[in-house]
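Below are the chains, spelled out letter by letter.
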Amino acid sequence: MSSNSFFREFIDFMKHRKKFWLLPIVVFAVLIILLILLASDNALTPFIYDLF
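Reading the values: the criteria
Residues numbered from 1 in each chain as written. Predicted model: local features only at pLDDT ≥ 70, side-chain atom pairs only at ≥ 80, totals over all residues. Heavy atoms only, no water. Helix = DSSP H or I, 4+ residues; strand = E, 2+ residues; numbered from the N terminus. Buried < 20%, exposed > 50% of the residue type's maximum accessible area, 1.4 Å probe, protein only. Areas by Shrake-Rupley, 256 points an atom, 1.4 Å probe, with all protein chains shown as cover. pLDDT = per-residue confidence, 0-100. Patch = residues over 30% accessible without salt bridge, like charges linked within 9 Å, V, L, I, M, F, W, Y side chains within 5 Å. Salt bridge = Lys/Arg side-chain N within 4 Å of Asp/Glu carboxyl O.

Chemist: Explain the overall build of the protein chain to me, please; I cannot follow it from the model alone.
Modeler: The secondary structure content of the protein chain amounts to 3 helices and 0 strands. Starting at the N terminus and ending at the C terminus, the protein chain contains elements arranged as α-α-α. When burial is assessed residue by residue, the protein chain has 10% of its 52 residues classed as buried. Just so you have it, the protein chain exposes about 4,800 Å², and 72% of that area is on carbon and sulfur atoms.

In structure tokens, the structure reads:
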């Protein structure tokens, strides 16, 4: 199973079940995870900490 089929299945689920409110939650969660990964030990850490 490729990651593309996972996203396609998730989008089909949202269309079929009318669960469009899930999209902002998922997008926000992915952004937070990316921010944590970026802040974990690299040169961007001081700039990310300044955001908060």
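Chemist: Would you mind showing me how to read unusual backbone geometry here?
Modeler: Excluding glycine, residues mostly carry a negative phi; peptide bonds, for their part, are mostly trans. Although it is not a glycine, Lys18 adopts a positive phi angle of roughly 60°. Mapping Lys18 onto the fold places it in the loop between α1 (3–17) and α2 (22–38). Lys18 gets classed as exposed once you look at its relative accessible area, which sits at 60%.

Chemist: Mind showing me how you'd approach the confidence of the model for the protein chain here?
Modeler: Keep in mind that low pLDDT regions are not for reading the predicted coordinates in detail. In this model, the protein chain carries an average pLDDT of 80, and 83% of its residues clear a pLDDT of 70 or more. For the protein chain, per-element mean pLDDT is lowest for helix α3 (residues 45–51), which scores 70, and highest for α2, which scores 86.

Chemist: Honestly, a nonpolar patch on the surface in this entry has me stumped. Any pointers?
Modeler: A surface patch of nonpolar side chains, amounting to about 690 Å² of accessible area, comprises Leu23, Val26, Val27, Val30, Leu31, Ile33, Leu34 and Leu37. By the element assignment, Leu37 lies in helix α2. Take Leu37: its relative accessible area is 56%, and that puts it in the exposed class.

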